[in-house]
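# Descriptive analysis of the structure
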Amino acid sequence: METAKKPKVLIVGAGLGGLALGILLERAQIPFEIFERTSTIKPLGSALSIGPNLIPFLEQIIPIEDFFSASKPMTDVRSFNEQRQFVFSSDFSPIEELTGYKQHIIARPVLYHLLLRQIPAYKLHLNKRVLDIGENDKDDKAFLRTSDNGYYEGDILIGADGAYSAVRQRLYESLKQKGQILKTDLGDLPFKCTCLVGQTDVLDVEEFPQLKEPICQFWSTLGEDKPFSSKAAEGERFRGMDNSEWGPIAAQSMCDDTRGFPIPGGNGTLTMGDLYDRTPKNLISKVMLEEKVFETWHYGRRDKEQ
Ligand SMILES: Cc1cc2nc3c(=O)[nH]c(=O)nc-3n(C[C@H](O)[C@H](O)[C@H](O)COP(=O)(O)OP(=O)(O)OC[C@H]3O[C@@H](n4cnc5c(N)ncnc54)[C@H](O)[C@@H]3O)c2cc1C
């Protein structure tokens, strides 16, 4: 098929999802544009654990040797108590025998940039917060409007704009007006866990000798009924308009609350505060781990063709 006859895809959100879709479309020579509300790409997050369910996909969309050289294989997760004594280890090594792939740990910002560099720069529009979406009855196009009064048309519109997706919310508003919304889709996004994520500056390998290991040292401390290691965070409901508001300011009070939490390694007196002090403050974010599967994930374009 010639490019001219292919549908044009508008993608809202340049997160991991939006970028991965963009790369697939680029490979298939399907025209697309990505609209991202932030004005700069910030290296947020800590690490992602990526294994046999995702590596075969990454093999198809990025030079996989770049992924392997930027990540470390992980064979087990070691748990310690608050006295920094080893308690147990979860063994991930059978994964390789079963699937042919090791589990890998990669810094989220690094994976992000591996994806980003596959996207032609002119197809990614920053500073474009999408406010409205709809369908243009006149020429049967999907459209979006951005906060800078931009208006863009395409044949397919994809919301890859995160857990509090504006695209989903606008779609559901129009379905609600037509009386076609499912009750389950109207419910809040539940979450049971609030996390602090961030990445320290480069650490001194003499002070943290475990960094010399070729295998990722994944260590965790089991808290003794601490609010930040129990379900107490559940009471702290998300109330902002979008999750970007959970940046440095919201993260700071959580850092203050948890500075004294003991972690293994170093000279045996390390706490979370020692890591916070080595981390640029604007790169620490507070993230909710929402868990919900929405029933309605498309409407309009496909229904018209049926
Ligand atoms: C800040 C952050 C840090 C995280 N860190 C980790 C981690 O360290 N380890 C881990 O395992 N998981 C982490 N997660 C969770 C995991 O990375 C996410 O589940 C994953 O990124 C989801 O990808 P996504 O593309 O669906 O959404 P997101 O990554 O949320 O991307 C959505 C994108 O859409 C943009 N957007 C939102 N609304 C609009 C709008 N109206 N108009 C235009 N653009 C819009 C956002 O700015 C964002 O760039 C993190 C998530 C976030 C948000």
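You'll find the structure just up there.
Reading the values: rules and limits
- Residues numbered from 1 in each chain as written.
- Predicted model: local features only at pLDDT ≥ 70, side-chain atom pairs only at ≥ 80, totals over all residues.
- Heavy atoms only, no water.
- Core = buried A, V, L, I, M, F, W, Y, C linked by side-chain atoms within 4.5 Å.
- Buried < 20%, exposed > 50% of the residue type's maximum accessible area, 1.4 Å probe, protein only.
- Helix = DSSP H or I, 4+ residues; strand = E, 2+ residues; numbered from the N terminus.
- Contact = heavy atoms within 4.5 Å.
- Lys, Arg positive; Asp, Glu negative; His and termini not counted.
- Salt bridge = Lys/Arg side-chain N within 4 Å of Asp/Glu carboxyl O.
- Axes fitted to C-alpha atoms, helices over the stretch in contact; angles between N-to-C directions.
- Parallel < 35°, antiparallel > 145°, perpendicular 65-115°, else oblique.
- Left-handed = near helix turned anticlockwise from the far one by under 90°.
- Nonpolar A, V, L, I, M, F, W, Y, C, P; charged D, E, K, R; others polar.

### Concerning the nonpolar core
Ranked by internal contacts, the top residues of the largest apolar core, which has 24 residues, are Leu19, Ile34, Leu58 and Phe67. Those elements giving two or more residues to this core turn out to be strand S1 (9-12), helix H1 (16-27), strand S2 (32-35), helix H2 (55-61), helix H3 (64-70) and helix H5 (108-116). It is H5 that provides the largest number of residues to this core, a total of 5 residues. Not counting the four nearest positions on each side in its chain, phenylalanine 67 is found in contact with Ile50, Ile55, Leu58, Ile62, His104, Ile106, Leu111 and Leu114. Counting residues in hydrophobic clusters, the runner-up holds 10 residues, among them Val12, Val130, Ala142 and Tyr152.

### Focus: the side chain of arginine 168
Position of arginine 168 relative to the elements: it lies in helix H6 (residues 166-177). Buried within the structure, arginine 168 lacks any salt-bridge partner; its nearest side chain of opposite charge belongs to aspartate 161, at an N-O separation of 6.7 Å. Contacts of arginine 168, omitting those with residues within four sequence positions, involve Gly162, Ala163, Leu189 and Phe294.

### Details of the packing of H1 against H5
Where H1 meets H5, the axes come as close as 9 Å, and the angle between the chain directions of the two elements is 25°. Accordingly, the angle class assigned to the pair H1 and H5 is roughly parallel. Crossing of H1 against H5: the hand is left-handed. Packed against H1, whose contacting residues are Leu16, Leu19, Ala20 and Ile23, the element H5 presents Arg108, Leu111, Tyr112, Leu115 and Leu116 at the interface. Its residues assigned to classes, the contact of H1 with H5 shows 8 nonpolar, no polar and 1 charged.

The analysis is restricted to geometry; functional conclusions fall outside its scope.
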